[in-house]
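The primary structure of each chain is shown beneath.
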Amino acid sequence: MGKEDSMTPQLLICAFRDKRFDTSREAIVAFRKLEPSLQKKFLQPIIDFLKSEEHDNIRGWGTSVLESIGNAKAFEYLNTLLTSADDDQKKRYPWTRFFALRAIRRIAKKSSHEMVSKLLKEIENSPDENLLVSTEATIIRALDGNEKSEREMRDLLDKLLSKGVHRMNYYKCFCIVRGLQEFALPGLVNSIMDIAANCDIPDLQNRAVRALG
């Protein structure tokens, strides 16, 4: 029997709580091999997991499961994660919100596009949002055709690169590159190629290479 055949919600959640990337990644791969009808049985256990789990890096895996399930209830709960969070939750759970925003953009039905567009604009402009999440929102809005968002992102990245990537501006660069790993933006290809070729920070350089595909 293959690993995917024996996958259960309990085993999947245990894999996430093991806190090892490889273990969680293997569990997600096994989960995604399940038939859609079987994946749906994971929905409520994963929602319950997200309600009780406190560790942000672990919670992010749960939002990826909801993205794979992709039905209306998964979308509704992802939207709740993003819209009902207070300021403390925004600070504590940036990766949960990052992956929830990725998921909601990818699985949104055409009838929900206006609502998602409004949410993206709110997150992009919120002074209380973690830079990781607001930057992702800006990238998505640029990808959806918002010229102002694309221009602001390009100008910011060019300004950062003109000064050289260093400890004081590393996080800003990281947030841009990490967002581009999920949503490629053609207008920033040259700047990302610059990071991939010339940056002397290995993590950022490697992520730039991955963002280029």
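Just above sits the structure.
The structure reproduced in this document is the subject of the present report. Everything numeric in this text was worked out from a predicted model, so none of it was measured.

Definitions and limits used
Residues numbered from 1 in each chain as written. Predicted model: local features only at pLDDT ≥ 70, side-chain atom pairs only at ≥ 80, totals over all residues. Heavy atoms only, no water. Helix = DSSP H or I, 4+ residues; strand = E, 2+ residues; numbered from the N terminus. Rg over C-alpha atoms; globule rule 2.2 N^0.38 Å. Buried < 20%, exposed > 50% of the residue type's maximum accessible area, 1.4 Å probe, protein only. Contact = heavy atoms within 4.5 Å. Areas by Shrake-Rupley, 256 points an atom, 1.4 Å probe, with all protein chains shown as cover. Lys, Arg positive; Asp, Glu negative; His and termini not counted. Charge placed at Lys NZ, Arg CZ, Asp CG, Glu CD. Expected span 1.5 Å × (residues − 1). Arc of directions from axis to C-beta. Axes fitted to C-alpha atoms, helices over the stretch in contact; angles between N-to-C directions. Parallel < 35°, antiparallel > 145°, perpendicular 65-115°, else oblique. Nonpolar A, V, L, I, M, F, W, Y, C, P; charged D, E, K, R; others polar. Phe/Tyr/Trp six-rings, centres within 6.5 Å; stacked < 30°, edge-to-face > 60°. Lys NZ or Arg CZ within 6 Å of the ring centre and 35° of its normal.

**Comments concerning the overall build of the protein**
Argument step 1. Looking only at helices and strands, the protein features 14 helices and zero strands.
Argument step 2. In the protein, the succession of α and β elements from N to C terminus is α-α-α-α-α-α-α-α-α-α-α-α-α-α.
Argument step 3. In terms of overall dimensions, the protein is globule-like: its C-alpha atoms have a radius of gyration of 18 Å, near the 17 Å expected for 213 residues.
Argument step 4. With the C-alpha coordinates aligned to their principal axes, the bounding extent of the protein is approximately 55 × 35 × 30 Å.
Argument step 5. A burial count over the protein gives 47% of its 213 residues as buried.
Argument step 6. Across the protein, the fraction of contacts at a sequence separation of at least 24, relative to all contacts at a separation of at least 6, is 65%.
Argument step 7. Per element, the accessible surface of the protein, about 11,300 Å² overall, is 50% carbon and sulfur.
Argument step 8. For the protein, the centre of its 34 positive side-chain charges and the centre of its 31 negative side-chain charges are spaced 1 Å apart.

**Examining unusual backbone geometry**
Argument step 1. Unusually for a residue other than glycine, Lys 19 sits at a positive phi of about 65°.
Argument step 2. Along the polypeptide, Lys 19 turns up in the loop between α1 (9–17) and α2 (21–32).

**Quick look at helix α9 (residues 113–125)**
A turn of α-helix holds 3.6 residues, and therefore any two residues three or four places apart point the same way.
Argument step 1. The end-to-end C-alpha distance of α9 is 18 Å, a good match for the 18 Å that 13 residues give at a rise of 1.5 Å each.
Argument step 2. All of the buried residues in α9 are Val 116, Leu 119, Leu 120, Ile 123 and Glu 124. Seen from one end, α9 has its buried residues packed into an arc of 130°, which puts them on one side. Of the residues in α9, the exposed ones pointing more than 90 degrees away from the buried face are Glu 114, Lys 118 and Asn 125.

**Let's talk about the packing of helix α5 (residues 56–69) against helix α8 (residues 94–107)**
Argument step 1. Between α5 and α8, the shortest axis-to-axis distance is 7 Å and the interhelical angle comes to 10°. Taken together, α5 and α8 sit at an angle that is classed as roughly parallel. Where α5 abuts α8, its residues Asp 56, Asn 57, Arg 59, Gly 60, Thr 63, Ser 64, Leu 66 and Glu 67 lie against Pro 94, Trp 95, Thr 96, Phe 99, Ala 100, Arg 102, Ala 103, Arg 106 and Ile 107.
Argument step 2. Across the contact of α5 with α8, the residue classes break down as seven nonpolar, five polar and five charged.

**Re the environment of Glu 76**
Argument step 1. Note that Glu 76 resides in helix α6 (residues 72–83).
Argument step 2. By relative accessible area, Glu 76 is classed as exposed at 53%.
Argument step 3. On a C-alpha basis, the gap between Glu 76 and Ile 104 in space is 8.9 Å, while along the polypeptide they are 28 residues apart.

**Brief notes about the packing of aromatic side chains**
Argument step 1. Under the definition given, this model contains 10 aromatic pairs.
Argument step 2. For the ring pair Phe 16 and Phe 49, a centre distance of 6.0 Å and an interplane angle of 45° mean the geometry is tilted. Taken together, the residues span a long stretch of sequence, with Phe 16 in helix α1 and Phe 49 in helix α4 (residues 43–52) at a distance of 33 residues. When sorted by exposure, Phe 16 lands in the same class as Phe 49, which is buried.
Argument step 3. With a centroid separation of 5.2 Å and 90° between ring planes, the pair formed by Phe 98 and Phe 99 is classed as edge-to-face.
Argument step 4. Residue Phe 98 is classed as buried on the basis of its relative accessible area of 0%.
Argument step 5. Every member of this aromatic cluster is reached through a ring pair, and the members are Trp 95, Phe 98, Phe 99, Tyr 170, Tyr 171 and Phe 174.
Argument step 6. Positioned over the ring face of Tyr 93 is Arg 59, at 3.8 Å from the centre of the ring.
Argument step 7. A cation over a ring is seen here: Arg 106 above Phe 183, with NZ or CZ 5.5 Å from the ring centre.

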